[in-house]
Amino acid sequence: MITIPFNQPPVLGTELNYLQQAMATGKLSGDGKFGRLCEQWLEMHFATPRALLTPSCTAALEMAAILLDIQAGDEVIMPSYTFVSTANAFVLRGAKIVFVDIRPDTFNMDERKIEQAITAKTKAIVPVHYAGVACEMDTIMALAERYQLWVVEDAAQGVNAFYKGRALGTIGHLGCYSFHETKNYTAGGEGGALLINAPYLIERAEIVREKGTNRSQFFRGQVDKYTWRDLGSSFLPSELQSAYLYAQLQSAEEINQRRLALWQRYHDAFAPLVAQGKIGYLTLPKDCQPNGHLFGIKLADLSRRSEFIAFLGKRGILAVFHYIPLHSSPAGQAFGRFVGEDEQTTKASESFVRLPLFFNLTDSAQNRVIQAVLDFFAQ
Ligand SMILES: Cc1ncc(COP(=O)(O)O)c(C=O)c1O
């Protein structure tokens, strides 16, 4: 029986009060008091001209694809080692996905392999900040400028992490956050945000998010009626999601410090195993300020990892792996192609394993995980 889960949604204890306050306002649809408070918090803390809450990071990515006018036949470059939503959002607009290999040290898209994937059809690059550790954004932004491409950061895992002092999600033209329950801050299970770092996209982003209408301008009293203006969909979360999220954002520092402390304890505990060559670590480039989103170790291969997961399972501990490379999945083969050699992607997918790391994980539960890992390698 699993007694230490892989994840639990963060709970501070302040959420219920905000949920009750939201219910008392008599308005639960999107863009109420708590939605605005969250957006202002994100704009202020991460320095972006506009943050729009969305029902998920998936929705934020879909909004990005609409906003950038991605059309059938356009090409979008991204790693294959990512969640399906990164690709799906662009495939929904008819784009072809061009997958690039990752770096072995961070599992982020290898910035040295992007240029060979650019063609006359390329419209956008989508760096994914794996584990809340930044991609090499200076190189990526320089490439994008040279070839006149959009950059959409998939910062689903990168909330409250930084690259050269800049918040992840605020460096590209657009940035996408996730507030899913597996992420550092949650909007009550599901949630996300689109950061609009290019101010000229803000007005249209509001329209796309409001089913293609200028209802946001109407609510601000800027127009006397709202009409259908553009493509769009329903990309607003409810006030209950925003209220839950606001409680979490107000305690962002506490959550961040706890996650970083848990991450550091794992890191210190297994350092001897790394020194003995029994496991490998991801590395943290010097310009990156991380957020303790996940802790994982690299094992020798797939069968060693299966043994490891089974061993921890017998101790009641759930360890998990991800991602199945998109380029080798049926939809990835239909909608995309891999450029260059897959030297790292499949290897990472088969040998990396993640350990429980969540805000409410106690020290004693973490000690049990640490001991189980040490016991496995002492066998
Ligand atoms: C890299 C990445 N992108 C996008 C998503 C989708 O996020 P959401 O569940 O908020 O739609 C995830 C979720 O796990 C993710 O890890």
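The model shown is predicted, which means the values in this text are computed figures rather than measured ones.

(A) Geometry of the overall build of the protein chain. What the protein chain contains, in helices and strands, is 14 helices and 13 strands. Taking 379 residues into account, the globule formula puts the C-alpha radius of gyration at 21 Å, and the protein chain, at 21 Å, falls close to it. Dimensions of the protein chain along its principal axes, counting C-alpha atoms only, are 75 × 55 × 35 Å. Burial status across the protein chain gives 56% buried among its 379 residues. Sequence separation of 24 or more characterises 71% of the internal contacts of the protein chain that already satisfy a separation of 6 or more. Looking at charge distribution, the protein chain has the averaged site of its 36 positive side-chain charges lying 2 Å from that of its 38 negative ones.

(B) Geometry of the sheet that holds strand β4 (residues 122-125). The mixed open sheet is built from eight strands, whose spatial order is β1-β9-β8-β5-β4-β2-β3-β12. On the outer flanks of this sheet lie β1 (50-54) and β12 (336-338), each paired with one strand and no other. Strand-to-strand twist across the sheet, computed as the mean angle between neighbouring axes with direction ignored, equals 25 degrees. Pairing geometry for strand β2 (residues 75-79) and β4, over three bridges, is parallel. Within β4, the position partnered with Glu 75 by the bridge is Thr 122. Packing against the sheet, helix α3 (residues 57-67) makes contact with β1, β5 (150-154), β8 (174-178) and β9 (192-196), and its axis sits at approximately 165 degrees to β8.

(C) Local environment of the packing of α3 against helix α4 (residues 84-91). With their axes 8 Å apart at the nearest point, α3 and α4 run at an angle of 35 degrees to one another. The element α3 and its partner α4 pack so that their crossing is right-handed. Listed contacts from α4 to Thr 58, Leu 61, Glu 62 and Ala 65 of α3 are Ser 85, Thr 86, Ala 89 and Phe 90. Considering only residue class, the contact of α3 with α4 consists of four nonpolar, three polar and one charged.

(D) Spotlight on the sheet that holds strand β10 (residues 288-289). One open sheet accounts for three strands, arranged β7-β6-β10; its pairing is antiparallel. On the outer flanks of this sheet lie β7 (166-167) and β10, each paired with one strand and no other.

(E) Representation of the site of the ligand. The ligand sits among 15 residues. The nearest are Cys 57, Thr 58, Asp 154, Ser 178 and Lys 183. With respect to the ligand, the side chain of Ser 178 contributes an N or O atom lying 2.7 Å from an oxygen atom. Within the side chain of Lys 183, a nitrogen or oxygen atom sits 2.8 Å from an oxygen atom of the ligand. For the ligand, the protein covers 91% of the area, taking 390 Å² as the surface of the free molecule.

(F) Up close: helix α11 (residues 302-314). Here α11 contains 13 residues, and its C-alpha end-to-end distance of 19 Å stays within 8% of the 18 Å for a straight helix at 1.5 Å per residue. Of the positions making up α11, those classed as buried are Arg 305, Phe 308, Phe 311 and Leu 312. All buried residues of α11 fall inside an arc of 125 degrees around its axis, so they share one side. Tucked into the core, α11 has its buried residues touching β11 (296-298), α13 (345-351), β13 (352-354) and α14 (363-378).

(G) Up close: unusual backbone geometry. With an omega of -20 degrees, the peptide bond running from His 322 to Tyr 323 counts as cis. In this structure, Tyr 323 sits in the loop between α11 and α12 (330-335). Of note in the backbone geometry, Gln 148 takes a positive phi value of approximately 60 degrees without being a glycine. One non-glycine residue, Asn 160, lies in positive phi territory at about 70 degrees. Inspection of the secondary structure assignment puts Asn 160 in the loop between β5 and β6 (162-163).

Rules used in this analysis
Residues numbered from 1 in each chain as written. Predicted model: local features only at pLDDT ≥ 70, side-chain atom pairs only at ≥ 80, totals over all residues. Heavy atoms only, no water. Helix = DSSP H or I, 4+ residues; strand = E, 2+ residues; numbered from the N terminus. Rg over C-alpha atoms; globule rule 2.2 N^0.38 Å. Buried < 20%, exposed > 50% of the residue type's maximum accessible area, 1.4 Å probe, protein only. Contact = heavy atoms within 4.5 Å. Lys, Arg positive; Asp, Glu negative; His and termini not counted. Charge placed at Lys NZ, Arg CZ, Asp CG, Glu CD. Pairing = 2+ DSSP bridges. Axes fitted to C-alpha atoms, helices over the stretch in contact; angles between N-to-C directions. Left-handed = near helix turned anticlockwise from the far one by under 90°. Nonpolar A, V, L, I, M, F, W, Y, C, P; charged D, E, K, R; others polar. Near = heavy atom within 4 Å. Polar contact = N/O pair within 3.5 Å; in protein donor to acceptor, adjacent residues only side chain to side chain. Areas by Shrake-Rupley, 256 points an atom, 1.4 Å probe, with all protein chains shown as cover. Expected span 1.5 Å × (residues − 1). Arc of directions from axis to C-beta.

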